[in-house]
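The primary structure of each chain is shown beneath.
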Amino acid sequence: MAAALLQRGRWPSENVVLRQDGSGWAIVALPGAIGSTFASVSCRAVDDCLVVGDPLDVQLGADGPRWVLAPSGAHADTADETVDCVAEGCLRVRGSGSWWWDGTAWGPRVELP
């Protein structure tokens, strides 16, 4: 599986999460009606991706998508936020702060040197 973000250009514009399984791309049906602004996506494994958003993130797992509360102080509606994952977890960086995702929850903010 791969994941991507797309911003549809119609008015009003909307952010869309895409997932690739096999030969094509499909829009991910997000759980519930809560909206979020998305900034970045990265995957820990073929069946575990994390889309960072504001005020909610989306974890794309083997059982489908689920909402995750973004860490306090992280605002993905700005261009200076990113997430990068490795098998052990994901590092989210915004400005001088960072947060670690262990696969189930965000850790506390850690200041960057």
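Let us look at the structure shown here. Since the model is a prediction, treat every value here as computed from it, not as a measurement.

Calculation rules
- Residues numbered from 1 in each chain as written.
- Predicted model: local features only at pLDDT ≥ 70, side-chain atom pairs only at ≥ 80, totals over all residues.
- Heavy atoms only, no water.
- Pairing = 2+ DSSP bridges.
- Helix = DSSP H or I, 4+ residues; strand = E, 2+ residues; numbered from the N terminus.
- Salt bridge = Lys/Arg side-chain N within 4 Å of Asp/Glu carboxyl O.
- Buried < 20%, exposed > 50% of the residue type's maximum accessible area, 1.4 Å probe, protein only.

## Structural notes on the pairing of strand β4 (residues 37-45)
- Taken together, the seven bridges between β4 and strand β5 (residues 48-54) define a ladder with antiparallel strand orientation. The partner of Thr37 across the bridge, within β5, is Asp54.
- Hairpin connection between β4 and β5: a loop of two residues separates the two successive antiparallel strands.

## Details of the pattern of salt bridges
- One pass over the full model with this rule turns up four salt bridges.
- A salt bridge links Arg92 to Asp57; its shortest N-O distance comes to 2.7 Å. Taken as a pair, Arg92 in strand β9 (residues 89-94) and Asp57 in strand β6 (residues 56-61) lie far apart in primary sequence, 35 residues in all.
- Residue classification places Asp57 among the buried residues on the basis of a relative accessible area of 0%.
- Salt bridges here are not isolated pairs; linked through shared partners, they connect Asp57, Glu81 and Arg92.

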